[in-house]
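Analysis of the macromolecular model
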Amino acid sequence: MPADLSPLIAATAQWLTRAYPSGGGVMDSALCEAQARQAVTVAAWLRYPTAMDAGLVSVAGPGGSARLDWVTGAAGADDDPDTYAWRTWVDEVVASWAACLLSAPELAVAAVSALAGSRYAQGSPAEFRRLVTPGARDRQAAALLRHPDLLAPVAELHHDRLLDRLKPGPALTA
């Protein structure tokens, strides 16, 4: 069974960009989405380090956005299940970890470094420049998405688990 995290990554990045939208036009929205997707990708790769982990979440599902919606005050905003079925693919832990990475540059660098040698780092190299070293334009486009105070309610949900995952040891070499 192929272990594909792309539905989880896409849904979680979409949730982040809807919860913390860009204030500008199309270009700002694209830059904001790129940063969210990079943060969510790193977070998902850390959370599901093995093919078995990724395979299990693709079968069982990640849990959805209900708690995240409640924490951010968006609970009940999207009750139509046909329109918002993508929310079932949002991973709360991944969203929380991505929020941590977006609001703390040193944590983002540590997370990307922790992926070195993982199964995800093999093959073509992944580029996470917009996450790790965003330019002024990136920061402007994602001002809400990178604001530590605004992200705090989501980031604090699973911050300790991210710090545990980033500790050196066998958890990252699996």
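Notes on the structure follow. Worth saying up front: this structure is predicted, and the values here are computed from it rather than measured.

A few points about the environment of Ser-22
- With respect to the helices, strands and loops of the structure, Ser-22 is situated in the loop between α1 (6-19) and α2 (26-47).
- Taking the relative accessible area as the measure of exposure, Ser-22 reaches 16% and is therefore buried.
- Residues Ser-22 and Glu-33, eleven residues apart in the sequence, show an inter-C-alpha distance of 8.6 Å.
- Apart from the residues lying within four places of it in its own chain, the contact partners of Ser-22 are Asp-28, Ser-29, Cys-32 and Ala-141.
- Within polar-contact distance, the side chain of Ser-22 engages the backbone oxygen of Asp-28 at 3.5 Å.
- Here the side chain of Ser-22 touches Ala-141 through a polar contact of 3.1 Å, landing on its backbone oxygen.

A look at the pattern of salt bridges
- With the rule as written, the count across this model stands at seven salt bridges.
- A salt bridge links Asp-28 to Arg-137; its shortest N-O distance comes to 2.3 Å. Separated by 109 residues along the polypeptide, Asp-28 in helix α2 and Arg-137 in helix α8 (residues 136-141) bring together distant segments of the chain.
- Note on Asp-28: relative accessible area 11%, which makes it buried.
- We classify Arg-137 as partly exposed; its relative accessible area is 39%.
- Two residues, Asp-164 and Lys-167, come together in a salt bridge whose shortest N-O distance is 3.3 Å.
- Owing to a relative accessible area of 44%, Asp-164 belongs among the partly exposed residues under this scheme.
- Beyond isolated ion pairs, a larger network of salt bridges with shared partners links Arg-129, Arg-130 and Asp-138.

Side note on the packing of aromatic side chains
- Taken as a whole and judged by the stated rule, the model has two aromatic pairs.
- Measuring from ring centre to ring centre gives 4.7 Å for Trp-45 and Tyr-120, while their planes differ by 5°; the resulting arrangement is stacked. Here Tyr-120 lies in the loop between α6 (105-114) and α7 (129-132) and Trp-45 lies in helix α2, a separation of 75 residues in the sequence.
- Residue Trp-45 is classed as buried on the basis of its relative accessible area of 16%.
- The class of Tyr-120 is buried, set by a relative accessible area of 13%.
- Judged by centre distance (5.7 Å) and plane angle (85°), the rings of Trp-45 and Phe-128 are edge-to-face. Remark: Phe-128 occurs in the loop between α6 and α7 and Trp-45 occurs in helix α2; sequence separation between them is 83 residues. Here the two residues Trp-45 and Phe-128 agree in accessibility, since each one is buried.

Concerning the nonpolar core
- Grouped together as the largest cluster of nonpolar side chains are 48 residues, with contacts concentrated most on Leu-5 and Leu-46.
- The residues touching Leu-5, leaving out its near neighbours within four places in the chain, are Ala-44, Trp-45, Tyr-48, Ala-54, Val-57 and Tyr-120.

Some thoughts on the packing of helix α5 (residues 92-103) against helix α10 (residues 159-166)
- With their axes 9 Å apart at the nearest point, α5 and α10 run at an angle of 75° to one another. The angle between the axes of α5 and α10 places the two elements in the roughly perpendicular class. Residues Val-93, Ser-96, Trp-97, Cys-100 and Leu-101 of α5 pack against His-159, Arg-161, Leu-162 and Arg-165 of α10.
- Considered class by class, the residues forming the contact of α5 with α10 number five nonpolar, two polar and two charged.

Procedures and definitions
Residues numbered from 1 in each chain as written. Predicted model: local features only at pLDDT ≥ 70, side-chain atom pairs only at ≥ 80, totals over all residues. Heavy atoms only, no water. Helix = DSSP H or I, 4+ residues; strand = E, 2+ residues; numbered from the N terminus. Buried < 20%, exposed > 50% of the residue type's maximum accessible area, 1.4 Å probe, protein only. Contact = heavy atoms within 4.5 Å. Polar contact = N/O pair within 3.5 Å; in protein donor to acceptor, adjacent residues only side chain to side chain. Salt bridge = Lys/Arg side-chain N within 4 Å of Asp/Glu carboxyl O. Phe/Tyr/Trp six-rings, centres within 6.5 Å; stacked < 30°, edge-to-face > 60°. Core = buried A, V, L, I, M, F, W, Y, C linked by side-chain atoms within 4.5 Å. Axes fitted to C-alpha atoms, helices over the stretch in contact; angles between N-to-C directions. Parallel < 35°, antiparallel > 145°, perpendicular 65-115°, else oblique. Nonpolar A, V, L, I, M, F, W, Y, C, P; charged D, E, K, R; others polar.

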